[in-house]
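The primary structure of each chain is shown beneath.
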Amino acid sequence: MLKDILSITGRPGLFKILSSSKRTLVVEDLTSKKRFPLGQRDRVVCLGDIAMYTTGEDLPLGEILDRVYAVENGQPIEVKPMDNDALREEFAKAVADFDRERVYPSDIKKLFNWYNLLIGQGYSKFAEAAAEEEGESSEEETK
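In this text the structure is predicted, and so the values were computed from the model without any measurement.

Student: I tried to follow the environment of Thr54 on my own but got confused; where do I start?
Tutor: Assignment of secondary structure puts Thr54 in the loop between strand 6 (51–52) and strand 7 (59–60). What Thr54 contacts, discounting residues up to four positions off in sequence, is Leu59, Val95, Asp97, Phe98, Asp99 and Arg102. Looking at Thr54, its side chain comes within polar contact range of the main-chain nitrogen of Gly56, at 3.2 Å. Reaching out from Thr54, the side chain makes a polar contact with the backbone oxygen of Glu57 at a distance of 2.4 Å.

Student: Looking at this structure, I do not really get the packing of helix 1 (residues 61–71) against helix 3 (residues 105–120). What am I missing?
Tutor: To characterise two packed helices, one gives the angle between the axes of the helices and the distance between these axes. One can describe the packing of helix 1 onto helix 3 by two numbers: an axis separation of 11 Å at closest approach and a directional angle of 75°. Here helix 3 runs roughly perpendicular to helix 1, going by the angle between their axes. Taking contact as the criterion, the partners of Leu61, Ile64, Leu65, Val68 and Tyr69 in helix 1 are, on helix 3, Leu111, Phe112, Trp114, Tyr115, Leu118 and Ile119. Residues of the contact of helix 1 with helix 3, tallied by class, amount to 11 nonpolar, no polar and no charged.

Student: Could you clarify how one ought to interpret the side chain of Glu28 in this entry?
Tutor: You can see Glu28 is positioned in strand 3 (residues 25–29). Note on Glu28: relative accessible area 13%, which makes it buried. Not counting residues within four places of it along the chain, the set of residues in contact with Glu28 comprises Leu14, Phe15, Lys16, Leu18, Lys33, Lys34 and Arg35.

How each quantity is defined
Residues numbered from 1 in each chain as written. Predicted model: local features only at pLDDT ≥ 70, side-chain atom pairs only at ≥ 80, totals over all residues. Heavy atoms only, no water. Helix = DSSP H or I, 4+ residues; strand = E, 2+ residues; numbered from the N terminus. Contact = heavy atoms within 4.5 Å. Polar contact = N/O pair within 3.5 Å; in protein donor to acceptor, adjacent residues only side chain to side chain. Axes fitted to C-alpha atoms, helices over the stretch in contact; angles between N-to-C directions. Parallel < 35°, antiparallel > 145°, perpendicular 65-115°, else oblique. Nonpolar A, V, L, I, M, F, W, Y, C, P; charged D, E, K, R; others polar. Buried < 20%, exposed > 50% of the residue type's maximum accessible area, 1.4 Å probe, protein only.

Structure follows, in structure tokens:
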């Protein structure tokens, strides 16, 4: 699921990939549903490729979103009234071993905003959906 969701530098929100060709991607804004092409100069990051630092191994974003979803019982997080310490405390409920020196409050705020956007669009499973997709593709390769 997260392999089809993008963050685009310079644009607020998240975007879903609709189609791709050699030189362009056609994406749709998750909230406004507006569709538009991206060129080669647009900088995009696939949410499935993001991981966050912990004191052990880095955690994939899908697993972190699942943890946040479980801690918050699927409810949105009020990000605006939180200061940096409150953001860290709230994030520590889901990921207690996050690296406090390399994960900045702005990263946590962005994660919470993405979480709110995704659950607002009806998403509830993040890492499991990605694991199922990988399992399906590896099964097809072995046939």
